[in-house]
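Structural description and commentary
Below, each chain spelled out in residue letters.
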Amino acid sequence: MALTTVIAWLLGNSVGESREHAEELRARAAAQAVTDERLRIARELHDMVAHTIGVIALQAGAARRVIDTQPERARDALGEIETAGRQTLSGLRRMLGALRSPEPGRSPRPALREPGPDPASLEPFLEPIPDAGLCLADVERLAARTTDAGVRVDVHWRGERRPLPPEIDRSAYRVVQEAVTNVVRHAGTTSCRVSIDYRDDEVRVEVLDDGRGGGSVGAGYGLVGMRERVGLLRGSFSAGPRPGGGFRVEARLPVSAAVP
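Criteria and cut-off values
The numbers attached to residues start from 1 for each chain and follow its sequence in the written order. Per-residue local features are limited, in this predicted model, to residues with pLDDT of at least 70; the limit for side-chain atom pairs, both in listing and counting, is 80 or more; totals at the level of whole chains, interfaces and linings are taken over all residues. Only hydrogens and water are set aside; all other atoms, that is, all heavy atoms of the structure, feed into the side-chain values. Under the scheme applied here, a residue whose accessible area is under 20% of the maximum for its type counts as buried, over 50% as exposed, and between as partly exposed, the area being computed with a 1.4 Å probe on protein chains only. We call two strands paired when DSSP finds no fewer than two bridges between them. Counting from the N terminus, the helices are DSSP H or I runs at least four residues long and the strands are E runs at least two residues long. The crossover handedness rule: strands pointing away from the viewer, path from first strand over the helix to second strand clockwise, crossover right-handed. Patch membership requires more than 30% relative accessible area and the absence of a salt bridge. Residues of like charge join within 9 Å; the nonpolar side chains Val, Leu, Ile, Met, Phe, Trp and Tyr join within 5 Å. Note that accessible areas follow from Shrake-Rupley with a 1.4 Å probe, and for residues the cover is restricted to the protein chains shown. Counted as salt bridges are all cases of a side-chain nitrogen of Lys or Arg within 4 Å of a carboxyl oxygen of Asp or Glu. Given the number of residues in a helix, its expected span is that number minus one, multiplied by 1.5 Å. Between the N-to-C directions of two axes lies an angle of 0 to 180 degrees, each axis being a line fitted to C-alpha atoms and, for a helix, fitted only over the stretch in contact. When an angle is under 35 degrees it counts as roughly parallel; over 145 it counts as roughly antiparallel; between 65 and 115 it counts as roughly perpendicular; any other value is oblique. In what follows, a contact means two residues having at least one pair of non-hydrogen atoms within 4.5 Å. For this classification, the nonpolar set comprises Ala, Val, Leu, Ile, Met, Phe, Trp, Tyr, Cys and Pro, the charged set comprises Asp, Glu, Lys and Arg, and every other residue, Gly included, is treated as polar.

A few points about unusual backbone geometry
One non-glycine residue, arginine 234, adopts positive backbone phi at about 60 degrees. Classification of arginine 234 by relative accessible area gives exposed; the value is 57%.

Quick look at the pairing of strand 1 (residues 152-158)
Relative to strand 2 (residues 191-198), strand 1 runs parallel, the two sharing seven bridges. Opposite tryptophan 157, over in strand 2, you have isoleucine 196 as the bridge partner. Note that the unit made of strand 1, helix 5 (residues 166-187) and strand 2 has a crossover that is left-handed.

Here we look at a nonpolar patch on the surface
On the surface, Leu3, Ile7 and Leu11 cluster together to form a nonpolar patch covering roughly 320 Å² of accessible area. Among the secondary structure elements, isoleucine 7 is positioned in helix 1 (residues 2-66). Look at isoleucine 7 and you get partly exposed, because its relative accessible area is 43%.

Topic: the pairing of strand 4 (residues 236-241)
Pairing of strand 4 with strand 5 (residues 247-254) involves six bridges; the strand directions are antiparallel. Note that in strand 5 the partner of proline 241 across the bridge is phenylalanine 247. Joining the antiparallel neighbours strand 4 and strand 5 is a turn of five residues, in which glycine 245 adopts a positive phi near 110 degrees.

Topic: the environment of isoleucine 53
Relative to the elements of secondary structure, isoleucine 53 occurs in helix 1. Residue class for isoleucine 53 comes out exposed when judged on its relative accessible area of 52%.

Here's the deal with helix 5
End to end, helix 5 covers 30 Å across 22 residues, agreeing with the expected 32 Å (1.5 Å per residue, within 8%). Taking burial as the measure, the 22 residues of helix 5 include 20 buried ones, the bulk of the element. The positive-phi residue at the C-terminal boundary of helix 5 is glycine 188, with phi of around 65 degrees.

Topic: the packing of helix 4 (residues 139-148) against helix 5
Put simply, helix 4 and helix 5 touch, their axes get as near as 11 Å, and they point 10 degrees apart. As far as their axial angle goes, helix 5 and helix 4 are roughly parallel. Of the residues in helix 5, those touching helix 4 at Val139, Leu142 and Thr146 are Tyr173, Val176, Gln177, Val180 and Val184. Looking at the contact of helix 4 with helix 5 residue by residue, the classes come out as six nonpolar, two polar and no charged.

Following this line, the structure appears as structure tokens:
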């Protein structure tokens, strides 16, 4: 009896330690996903600032050359410089202020997708579009590439399409891209629906599918990164199984106070 008790205790202790180790690995993976997303945001901020500085330099040079002979053109160029500078400063304040926060995981971990086969043949269609601005205007191209790969993506636009601050535009595209990628990898379905809604004070993106849905934690940590990205922009993010089956991803990004 004593031997049986000792063996039972050892087995229980081993199971408990295994569970603790698995939880620790999942927590590390989630934290790494947040860190990876922040690094990608930092690279995008670098590219955005470099592009803006290049535009400002070109516009300033043009204004200097025509300021005596064509003052109206010079005034227009100075207006472009002011607009570009204000938009970039607004994005930098918003993003860098949030990136300084000491706790990367402010939001609870979202529902994650069930692991599934990774169709290597579709990977080229899920990579960022080369030489593209990575904005909502590229969603149609992403949809066409994914449809060619065998998963139909229906895109629906609502509201009046208008220019958005670069960090808002890029982040909205990233959410759609990640959600479509998860549909291809994990949903086990041949179609999904993307909705992009331009509203007065926000832009809303939603991706729906009728696949297997999700449940277990262990895959899809890209959703953790998307939640972090949307949170940095003071938006809201939700992801989880749909009541009638399938999976839903939604992000709302505020744009009313984008440019001071």
